[in-house]
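Chain residues, written in single-letter form:
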Amino acid sequence: MKILGHVTFFLLLGGIWAQNNRNAKANGKSTKRGGGTQAGDAGQSTPVADISQGSSRSSGRPAEPRPESAAGTRATGQQTDEMRLQFLRSAQVTCNDGSAAGFYLKEFRGSRRWLLFLEGGWCCYSKETCDSRYQNIPRLMSSSGWPQTKRGTGILSSQAEENPHWHNANLVFIPYCSSDVWSGMGPAPTPPPRTRQGKDKVRERSINATEYSFMGSLIIREVIKDLIPKGIKQAKVVMLAGTSAGATGVLLNIERVASQLEQLGTEAQVRGLVDSGWFLESKQQRSPNCPETVSCTPEDAIKIGLRLWNGVVPDRCRQLYKRGEEWQCFFGHRLYSTLTSPLFIVQWLFDEEQLRVENIYMGGQSLSEEQWQYIQNLGLEIKNSLRDVTAVFAPSCLSHTVITKSNWMSFQVKGTSLPRALQCWDRSLDATRNNRTPAKGCPFHLVDTCQWPQCNPTCPALVDQATQQELTLLQMLVAMGLDPQRLGLDPEGEADSMATVISNGG
């Protein structure tokens, strides 16, 4: 069960969805390490993918090579929500398999605000895990199947009714194809000149015996370079946003992005939006067989991966830990206080992916009382870890990611929606920059005060995995074999409790 749980975690973190109608050939990585070209040609119709639920669904058709005249891709009458694919001009910065990295762009003429979004999708940390990832989810390691356009949803929508505050910004979606939590700075390291014995020998082999490139942080750098002709040097605000592993990528790269833009001479303030990337360390006992099996904890996976990826963490955080312990900077509660750029943290108090790491699946077949106790404790631990965060939106719900969901406006904490909280935060930062007093009555530190999952009436519905029916928390606990009264939950008092939550504002 532990192995199954971690397989599920690695495949689902960041809202990964398998690519339809496309299976990788077991040993057919034709573009890997040095191919650098796109397979296939345009075809007669332009493939389009939606960005929703923290993911993008690819049509599975090969991407069209980037034309030299990409600057003129926005045609008159183009559908307003479409972002168009552009590959990086640098042929040296690539996806895992050597295919061209790139980004999707939807310009808003005259706007001096930019939103750069990092896609999520966990990572791979050895030849075995990377080969498995390439075979099962190739779009997260290669651009060869990327569609030509994407329609933005949630905060990436250009429709005011869906995205009231950021619809008129320049929108950039950066697909995740580096498998390094956006931390990689170069190709896989070469094997060491000397061999080691015993356990160290096995570990050295797993770290170096791979043909993949890991360039996540470099991809972000090159995207910004390629946006210079589009006007990013004239930006007033650049928001670096991401979900899940992409959110961790925001934490790892925001200082580097701010430094790069400063060196370009821009006066832009760089801000970060971190959605569902505020993870806590696993309570699982570390496996002695890691990394030879898929049972590695996230901590071990990152620790091993950092060496494989040639990964980097922010300097101020790195200085807090001794050599070999830099992996701790991947956890927001350890990294946050070392960062100087403004950050807004969006975090469900009962994050489903955090629960999956502990082999807890709400809506699954069973749940023990011990697991229920862990769920309750998780909410308290997340809440405590967010105590000193300046800008935060933390509903007491069971879910994962939110900002790219079409219904992201419907979730509230203490009567305030997430888009409204982001607007209040933006206005406060703008006022401070211009030596004005921030407006009162516009909150952006919003953490639910109720104590159990789904006690916020605006939470996303729970779904039974077997029947696909929507259930209340009490109904789901009963279906999973627990007695609510034994757990201290009163079914008859649920309605009164919800009324109290609403009247108290969360």
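Just above, that's the structure.
This write-up is about the structure you can find in this document. (Residues numbered from 1 in each chain as written. Predicted model: local features only at pLDDT ≥ 70, side-chain atom pairs only at ≥ 80, totals over all residues. Heavy atoms only, no water.)

### Topic: the pattern of salt bridges
- Applying the stated criterion to the full structure yields 13 salt bridges.
- The partner of Glu 107 in a salt bridge is Arg 109, and the shortest N-O contact between them spans 3.6 Å.
- Note that Arg 271 and Asp 430 form a salt bridge whose closest N and O atoms lie 2.6 Å from each other. Taken as a pair, Arg 271 in strand β11 (residues 269-275) and Asp 430 in helix α11 (residues 418-433) lie far apart in primary sequence, 159 residues in all.
- Since its relative accessible area comes to 29%, Asp 430 is described here as partly exposed. (Salt bridge = Lys/Arg side-chain N within 4 Å of Asp/Glu carboxyl O. Helix = DSSP H or I, 4+ residues; strand = E, 2+ residues; numbered from the N terminus. Buried < 20%, exposed > 50% of the residue type's maximum accessible area, 1.4 Å probe, protein only.)

### Comments concerning the nonpolar core
- Ranked by internal contacts, the top residues of the largest apolar core, which has 137 residues, are Phe 344 and Met 362.
- Looking at this core, the element that brings in the most residues is helix α5 (residues 245-263), giving 8 residues.
- If we skip the residues at most four places from it in the chain, Phe 344 touches Gly 272, Leu 273, Val 274, Ala 391, Val 392, Phe 393, Leu 418, Ala 421, Leu 422, Trp 425 and Phe 444. (Core = buried A, V, L, I, M, F, W, Y, C linked by side-chain atoms within 4.5 Å. Contact = heavy atoms within 4.5 Å.)

### So, unusual backbone geometry
- With a phi close to 55°, Val 181 is a non-glycine residue in the positive phi region.
- With respect to the element layout, Val 181 can be found in the loop between β7 (170-174) and β8 (186-187).
- At Gln 454, a residue that is not glycine, the phi angle is positive and equals roughly 70°.
- Structurally, Gln 454 can be placed in the loop between β18 (445-447) and β19 (462-463).

### Here we look at the state of the cysteines
- Inspection of every chain in the model, using the stated rule, returns 6 disulfides.
- Between the sulfur atoms of Cys 95 and its disulfide mate Cys 177 the distance is 2.2 Å. Around the S-S axis, the bridge from Cys 95 to Cys 177 shows a dihedral of about -80° and counts as left-handed. Of this pair, Cys 95 sits in the loop between β3 (82-87) and β4 (102-106) while Cys 177 sits in the loop between β7 and β8, and the two are 82 residues apart along the sequence. Each member of the pair, Cys 95 as well as Cys 177, carries the same accessibility label: buried.
- Note on cysteine connectivity: Cys 317 is disulfide-linked to Cys 329, with sulfurs 2.1 Å apart. Between Cys 317 and Cys 329, the S-S torsion sits near -105°, and that sign places the bridge as left-handed. One end of the pair, Cys 317, is in helix α7 (residues 315-318); the other, Cys 329, is in the loop between α7 and α8 (332-335), with 12 residues separating them in the sequence.
- Looking at Cys 317, the relative accessible area reads 0%, which means it is buried. (Disulfide = S-S within 2.5 Å.)

### Overview of the environment of Gly 242
- Within the secondary structure layout, Gly 242 lies in strand β10 (residues 237-243).
- For the pair Gly 242 and Asp 275, spaced 33 residues apart in sequence, the C-alpha to C-alpha distance is 6.1 Å.
- When sequence neighbours within four positions are dropped, the list of residues in contact with Gly 242 reads Phe 117, Leu 118, Ala 247, Val 250, Leu 273, Val 274, Asp 275 and Ile 403.

### Some points on helix α4 (residues 216-226)
- Where burial is concerned, most of α4 is hidden: 9 out of the 11 residues are buried.
- Of all the positions in α4, only Gly 216, Ser 217, Leu 218, Ile 219, Ile 220, Glu 222, Val 223, Ile 224 and Asp 226 are classed as buried.

### With respect to the environment of Ser 157
- In this structure, Ser 157 sits in the loop between β6 (149-151) and β7.
- Sequence-wise, Ser 157 and Ser 406 are 249 residues apart; in three dimensions their C-alpha atoms are separated by 8.4 Å.

### Things to note about the side chain of Ser 99
- Structurally, Ser 99 can be placed in the loop between β3 and β4.
- Classification of Ser 99 by relative accessible area gives buried; the value is 0%.
- In terms of polar contacts, Ser 99 uses its side chain to reach the backbone amide nitrogen of Ser 143, at 3.0 Å. (Polar contact = N/O pair within 3.5 Å; in protein donor to acceptor, adjacent residues only side chain to side chain.)

### Things to note about the pairing of strand β14 (residues 391-394)
- Burial of the side chains of β14 extends over both faces: Ala 391 and Phe 393 are buried on one face and Val 392 and Ala 394 on the other.
- As judged from the 3 bridges shared by strand β12 (residues 343-346) and β14, these two strands associate in the parallel manner. Residue pairing for β14: Val 346 is matched across the bridge by Phe 393.
- Looking at chain direction, β14 and β18 are connected through 3 bridges and run parallel. From the neighbouring strand, Phe 393 faces β18, where its bridge partner is Leu 446. (Pairing = 2+ DSSP bridges.)

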